[in-house]
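Spelled out from the first residue to the last, the chains are:
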Amino acid sequence: MAKYIIKRLLLAVFILFGVSVILYALVRCMPVTIIDSKLAALSTTGALDPEIKAQFYAAYGLEEVTTFKGIITGYFTWLGNILQGDLGTSWTSGMEVSDMIFKNMGVSFGISFVSLILELIIAIPLGIKCACNQYGKLDYVVTVLVMIGISFPSFFLGNLLIKWFGVDLGWFDASGGLYSADLPTDATFWERLGDMLWHLVLPMFVLVVLNVGSTIRYMRTNTLEVLSADYIRTARAKGLSETKVVYKHVFRNTMIPLVTMLAGTLPGLFGGAMITETVFNLPGIGNIAYSALSAGDIPFIMGYNMFIAVLTVIGILLSDLAYALVDPRVKLTK
């Protein structure tokens with residue numbers, strides 16, 4: 001196990017290096033950045049002075065990409081700062097990128113974590129029930145609802161809920177946000193907590209609806225595979241009740257691939273739901289990342305995406321390790 005982990009960590013270094021090269025190349029090819037927007041606002045003729053533009057880039061700690069040398073110098077300067085834990089300074093807010101990520105990550109994590117728990121509470125029993133009643137009425141109804149839920153774009157479903165429950169019925173704040181605009185400044189902790197939770201109902205509902213369908217299908221497929229195994233037929237032949245067969249033998253083995261899938265959700269938990277947070281105007285890391293991308297905030301875009309890349313590599317490693325831990329038949333030798 002230790003040898004396998006060391007190999008995977010060394011491989012992760014090369015993967016992250018490749019990601020950093022691709023990320024830097026793509027981001028620096030952006031047609032318009034916030035520097036271009038600032039210079040265009042300052043210019044009376046609309047033309048951008050290359051010297052002034054280069055000075056702006058240098059002031060923000062990045063080399064202008066007008067020459068090959070500038071590209072190489074800029075990349076290794078940025079990479080050196082990354083290795084020292086410096087993700088750079090955001091052009092839009094003037095804050096450290098790392099501070100912006102960790103400051104706004106809590107909201108995103110809270111929404112994603114609670115949504116994941118609700119998703120599992122719904123998907124696990126429903127997926128198993130559909131598999132045990134394959135091609136039954138429940139299976140067909142759930143399949144149709146799942147396909148409808150998966151097909152909804154998050155921005156469409158989010159705006160639809162805002163229109164119905166925020167504008168038409170007035171149950172929720174149509175302007176979104178984390179707190180109500182009329183919340184008293186001297187509100188107690190419980191009043192603020194209740195107001196915040198009420199504002200998070202619709203965003204979490206969107207996340208659950210969009211993700212629960214795939215998890216139900218995943219559980220249904222895994223359960224059907226386990227139900228056709230030889231040891232399940234043997235258990236039934238011994239006279240065990242269907243309840244014991246399902247919840248003692250099928251359920252335990254169905255959870256093995258689900259554990260590996262959960263380990264891979266790490267980037268989603270900490271990286272934020274970009275579109276959903278933007279639709280509901282939530283101060284999460286996903287909303288901040290979308291605003292930075294729209295503005296052309298190069299330091300934040302590169303720092304945020306490297307953060308997601310690291311989480312992805314860690315999630316994949318944890319997924320492999322979790323599979324070996326929950327299934328003793330798996331041996332990590334390569």
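> How do you make sense of the packing of helix α5 (residues 97-132) against helix α9 (residues 201-227) when you look at a structure like this?
At a minimum axis separation of 7 Å, α5 and α9 run at an interaxial angle of 35 degrees. For the pair α5 and α9, the crossing hand works out as right-handed. A breakdown of the residues in the contact of α5 with α9 according to their chemical character gives 20 nonpolar, 5 polar and 2 charged.

> I would appreciate a short explanation of the pattern of salt bridges in the present structure.
Between side chains of opposite charge, pairing is possible as soon as their charged atoms come close. Inspection of the entire model under this criterion finds 3 salt bridges. A salt bridge links D168 to K163, with the nearest nitrogen and oxygen atoms 2.9 Å apart. You can call K163 partly exposed: its relative accessible area is 43%.

> Would you mind going over the environment of W198 with me for this structure?
Positionally, W198 belongs in helix α8 (residues 189-199). Put simply, W198 and F172 are 26 residues apart on the chain and 7.6 Å apart in space, counted from C-alpha to C-alpha. Contact partners of W198, with chain neighbours within four places excluded, come to W171 and F172.

> What am I meant to see in the nonpolar core here?
A general tendency of soluble globular proteins is for nonpolar side chains to be buried together. Ranked by internal contacts, the top residues of the largest apolar core, which has 29 residues, are V27, W78, I101, F300 and M302. Those elements that place two or more of their residues in this core are α1 (2-27), α2 (34-42), α4 (68-83), α5, α14 (285-295) and α15 (298-326). With 9 residues, the single largest contributor to this core is α15. The residues touching I101, leaving out its near neighbours within four places in the chain, are L87, I285, F300, G303, Y304 and F307. In terms of nonpolar packing, the next biggest core, distinct from the first, is built from 16 residues, L157, L161, L200 and L210 among them.

Cut-offs applied
Each chain has its residues counted from 1, running along the sequence as written. Totals for whole chains, interfaces and linings use every residue, but because this is a predicted model, local features are given only for residues with pLDDT of at least 70 and side-chain atom pairs only at 80 or more, for both listing and counting. Values reported for side chains reflect all heavy atoms of the structure, with hydrogen atoms and water molecules removed beforehand. Axis definition: a line fitted to C-alpha atoms, over the contacting stretch in the case of helices. Angles run 0 to 180 degrees between N-to-C directions. Secondary structure is summarised from DSSP: a helix means a run of H or I of at least four residues, a strand means a run of E of at least two, and numbering begins at the N terminus for each. Should the near helix be turned anticlockwise from the far one by less than a right angle, the crossing is left-handed, and should it be turned clockwise, the crossing is right-handed. Each residue gets one of three labels, nonpolar for Ala, Val, Leu, Ile, Met, Phe, Trp, Tyr, Cys and Pro, charged for Asp, Glu, Lys and Arg, and polar for the others, Gly among them. We count a salt bridge whenever a side-chain nitrogen from Lys or Arg sits within 4 Å of a carboxyl oxygen from Asp or Glu. For the exposure calls, accessible area comes from a 1.4 Å probe over protein chains only, and a residue counts as buried if that area is under 20% of its type's maximum, exposed if over 50%, partly exposed in between. Any pair of residues with heavy atoms lying within 4.5 Å of one another is described as a contacting pair. Only buried residues count toward a nonpolar core, which is a set of Ala, Val, Leu, Ile, Met, Phe, Trp, Tyr and Cys residues joined through side-chain atoms within 4.5 Å.

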